[in-house]
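Overview (structure and organization)
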Amino acid sequence: MFSRSKSITALLLVSIWSSCAFCAEAGANLNDPCVVNKLIGRGVNIGNSLESPKEGDWDVTLQEEYFQLIKDAGFNSIRLPVRWDSHAMEKAPYTIDPNFFARVDWAIKNAMSRNLVITINMHNYYDFFKDPNGHKERFLSIWQQIAERYKDYPNMLLFEAINEPQDNLKGVPAWNAMLKEWLPVVRKSNPNRILVIGSANFNSFYEVKALDVPKDDRKIIVTFHYYMPNKFTHQGASWTPDSDKYLGMKWGTDQEKRAIARDFKVVAKWGQENGRPIYLGEFGVYYKADANSRFQWTKTVADTAAEYGFSMTYWEFCHTNFGIYDPKTKTWNKQLVEALIPSKQ
Ligand code: GLC
């Protein structure tokens, strides 16, 4: 079902990006993280779906048609945030609920059968962030189960350790130490899986350079998130303190655009020096922002990321918060789609 020729076709369809020095020689080899990063290309997060406590709690229930819509709009990939901790036993052996696992299988199948690369992560495991040592065994055991279940899947499926390290896992030393424990657990059953590893402090662009990943493990893509300036992108967002104060804030001066290029350059430089392809896993602007500013910001981020050779997945597909598709009216936000996937003239 997941034929190599399909993958090659997908590769040809993705535009040729520049910056990863290791990419120059790459053929359509799914064991090469640079190739896979190109296949991620321009994608979208299906946010507020499986990372809610129970699917549907945050308004998004996955539908098969969503995968086709994403494909037909021209996106290359999906990032699927998953809240495993609310579907696994509290105590050893921390077994993942088989029904939930089957639901994730279904989502992966729906992406891959359409030749969409899919990244699954661990999202919103707040107890682990609060008490990393107390929850480490459970975190690793959940990952061991995920890794074993999908070990025979092709590298159109990627694993991302955890979304946005925060709280007591926010700092560089704590996060780097945890990664050292996570890698061997996943590598045991998935020696060739392309793994996605994010930076500390909520996947900050600034902390990418502090990542400590084994130099001899080349099957890694490094990810970061970008929502700067936060006051602008999160204006009016209920979970962001004082964000109502910034309602009406606009964006789009040359100076503001240059700030994005400056920040991305830091990441790109590190990626080149260390031979790591870079994946911008989340970026977006809350729906309450002025539409033109939202378009300008999204386009500038996507264009700048593409210039630096980053792959990207916009946050998010169809929730009101940051969404680009309205499932009630079955319409896309055409302006934002154009910002994310410029039409080929
Ligand atoms: C993070 C959060 C997600 C939020 C997004 C934008 O991914 O996990 O819930 O919507 O950032 O703030």
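So, on to the overall build of the protein chain. Scanning the protein chain from N- to C-terminus turns up 12 helices and 10 strands. Here the protein chain has a C-alpha radius of gyration of 19 Å; the compact-globule value for 345 residues is 20 Å, and the two agree. The C-alpha extent of the protein chain, read off along each of the three principal axes, is 50 × 45 × 40 Å. Put simply, the protein chain has 345 residues, and 57% of those count as buried. Considering only residue pairs separated by 6 or more positions, the protein chain has 75% of its internal contacts joining residues 24 or more positions apart. As displayed, the protein chain has an accessible area near 14,700 Å², and 52% of this comes from carbon and sulfur atoms. Positive and negative charge centroids in the protein chain, built from 42 and 39 side chains respectively, lie 3 Å apart.

A word on the sheet that holds strand 1 (residues 42-45). Spatial strand order, 1-2-3-4-5-6-7-8: 8 strands in a closed barrel with parallel pairing. Each strand axis lies, on average, 25° off the axis of its neighbour in the sheet, ignoring direction. Two elements, strand 7 (residues 278-283) and strand 8 (residues 311-315), share 2 bridges in a ladder whose sense is parallel. Among the inter-strand pairings, Leu280 is bridged to a residue of strand 8, identified as Met312. Sitting on the sheet, helix 2 (residues 33-40) touches strand 1, strand 2 (77-80), strand 3 (117-121), strand 4 (157-160), strand 6 (220-226), strand 7 and strand 8, and the angle it makes with strand 6 is about 35°. Helix-sheet contacts for helix 10 (residues 254-274) involve strand 6 and strand 7, and the interaxial angle to strand 6 is about 165°.

For helix 11 (residues 291-307), spanning 17 residues, the distance from its first C-alpha to its last is 24 Å, which sits close to the expected 24 Å at 1.5 Å a residue. Just past helix 11, the residue Gly309 takes up positive phi, approximately 80°.

This paragraph deals with the packing of helix 6 (residues 132-149) against helix 7 (residues 172-189). Between helix 6 and helix 7, whose axes approach to 8 Å, the crossing angle comes to 25°. Between helix 6 and helix 7, the crossing angle belongs to the class labelled roughly parallel. When you trace helix 6 past helix 7, the crossing you get is right-handed. Counting all contacts with helix 6, which are made through Pro132, Lys136, Phe139, Leu140, Trp143, Gln144, Ala147 and Glu148, the residues of helix 7 involved are Met178, Glu181, Trp182, Val185, Val186 and Ser189. When the residues that make up the contact of helix 6 with helix 7 are grouped by side-chain class, the tally is 9 nonpolar, 2 polar and 3 charged.

Once that is clear, we can look at the packing of helix 4 (residues 98-112) against helix 6. Relative orientation of the contacting elements helix 4 and helix 6 amounts to 50°, with a least axis distance of 12 Å. One finds that helix 4 runs oblique with respect to helix 6. The two elements helix 4 and helix 6 cross, and the hand of that crossing is right-handed. Mapping the contact onto sequence places Phe101, Ala102 and Asp105 in helix 4 and Gln145, Ile146 and Arg149 in helix 6. When grouped by side-chain class, the residues that make up the contact of helix 4 with helix 6 number 3 nonpolar, 1 polar and 2 charged.

Moving on: the site of the ligand. His123, Asn124, Asn163, Glu164, Tyr227, His234, Trp239, Glu282, Trp315 and Phe322 make up every residue found near the ligand. The contact in question runs from an oxygen atom of the ligand to an N or O atom on the side chain of His123, over 2.8 Å. Asn163 places a polar side-chain atom, nitrogen or oxygen, 3.4 Å from an oxygen atom of the ligand. Compared with its free state, where it exposes 300 Å², the ligand has 84% of that area covered by protein. Counted by class, the shell around the ligand contains 4 nonpolar, 4 polar and 2 charged residues.

This next bit is on the confidence of the model for the protein chain. In this model, the protein chain carries an average pLDDT of 93, and 91% of its residues clear a pLDDT of 70 or more. Residue range residues 1-27 is modelled with pLDDT below 50. Its contacts to residues more than four positions away, or to other chains, number 48 contacts.

Thresholds applied
Residues numbered from 1 in each chain as written. Predicted model: local features only at pLDDT ≥ 70, side-chain atom pairs only at ≥ 80, totals over all residues. Heavy atoms only, no water. Helix = DSSP H or I, 4+ residues; strand = E, 2+ residues; numbered from the N terminus. Rg over C-alpha atoms; globule rule 2.2 N^0.38 Å. Buried < 20%, exposed > 50% of the residue type's maximum accessible area, 1.4 Å probe, protein only. Contact = heavy atoms within 4.5 Å. Areas by Shrake-Rupley, 256 points an atom, 1.4 Å probe, with all protein chains shown as cover. Lys, Arg positive; Asp, Glu negative; His and termini not counted. Charge placed at Lys NZ, Arg CZ, Asp CG, Glu CD. Pairing = 2+ DSSP bridges. Axes fitted to C-alpha atoms, helices over the stretch in contact; angles between N-to-C directions. Expected span 1.5 Å × (residues − 1). Parallel < 35°, antiparallel > 145°, perpendicular 65-115°, else oblique. Left-handed = near helix turned anticlockwise from the far one by under 90°. Nonpolar A, V, L, I, M, F, W, Y, C, P; charged D, E, K, R; others polar. Near = heavy atom within 4 Å. Polar contact = N/O pair within 3.5 Å; in protein donor to acceptor, adjacent residues only side chain to side chain. pLDDT = per-residue confidence, 0-100.

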